[in-house]
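Chain by chain, the residues:
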Amino acid sequence: MATLYRLLTEEDTSAFCHKVSEALAKGWELHGSPAYAFDPSTSKMRCAQAVTKEVAADYSPDMKLGQQ
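Predicted, not measured: the structure shown is a model, and the values here were computed from it. (Residues numbered from 1 in each chain as written. Predicted model: local features only at pLDDT ≥ 70, side-chain atom pairs only at ≥ 80, totals over all residues. Heavy atoms only, no water.)

(A) A look at the packing of aromatic side chains. Counting across every chain of the model gives zero aromatic pairs. One Lys or Arg, arginine 6, reaches over the ring of tryptophan 28 and ends 5.2 Å from the middle of that ring. (Phe/Tyr/Trp six-rings, centres within 6.5 Å; stacked < 30°, edge-to-face > 60°. Lys NZ or Arg CZ within 6 Å of the ring centre and 35° of its normal.)

(B) Main features of the side chain of lysine 53. With respect to the helices and strands, lysine 53 occurs in strand β3 (residues 44-55). One buried charged side chain, lysine 53, makes no salt bridge at all; its nearest oppositely charged neighbour is glutamate 29, positioned 9.8 Å away. In this structure the side chain of lysine 53 is engaged in a polar contact, spanning 2.7 Å, whose partner is the backbone oxygen of lysine 26. Within the local environment of lysine 53, its side chain forms a polar contact with the backbone oxygen of glutamine 68, the two atoms lying 2.8 Å apart. Beyond its immediate stretch of four places on either side in the chain, lysine 53 contacts Ala2, Thr3, Leu4, Lys26, Gly27, Trp28 and Gln68. (Helix = DSSP H or I, 4+ residues; strand = E, 2+ residues; numbered from the N terminus. Buried < 20%, exposed > 50% of the residue type's maximum accessible area, 1.4 Å probe, protein only. Lys, Arg positive; Asp, Glu negative; His and termini not counted. Salt bridge = Lys/Arg side-chain N within 4 Å of Asp/Glu carboxyl O. Polar contact = N/O pair within 3.5 Å; in protein donor to acceptor, adjacent residues only side chain to side chain. Contact = heavy atoms within 4.5 Å.)

(C) Focus on the pairing of β3. Note that strand β1 (residues 2-11) and β3 share 10 bridges and pair antiparallel. Its bridge partner being in β3, alanine 2 is matched across the sheet by valine 55. Between strand β2 (residues 29-39) and β3, which pair antiparallel one after the other, the connecting turn spans four residues, and serine 43 there sits at a positive phi close to 60°. (Pairing = 2+ DSSP bridges.)

This is a description of form; function is not addressed.
Quick look at the structure:
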């Protein structure tokens, strides 16, 4: 059994909400509060949300976390 961790990031658009919603629909759980910051390289706001998931497998760095 392994606990997996992902940090989802995206510009502050509906795409971020869809990314988080898709992860939740696939069994990931929110971990902590979302973050919101200005990206000076693009002059846009960015969002981040950590998610975790328990899986019935041993962890491997080769895992494709988005497919779990």
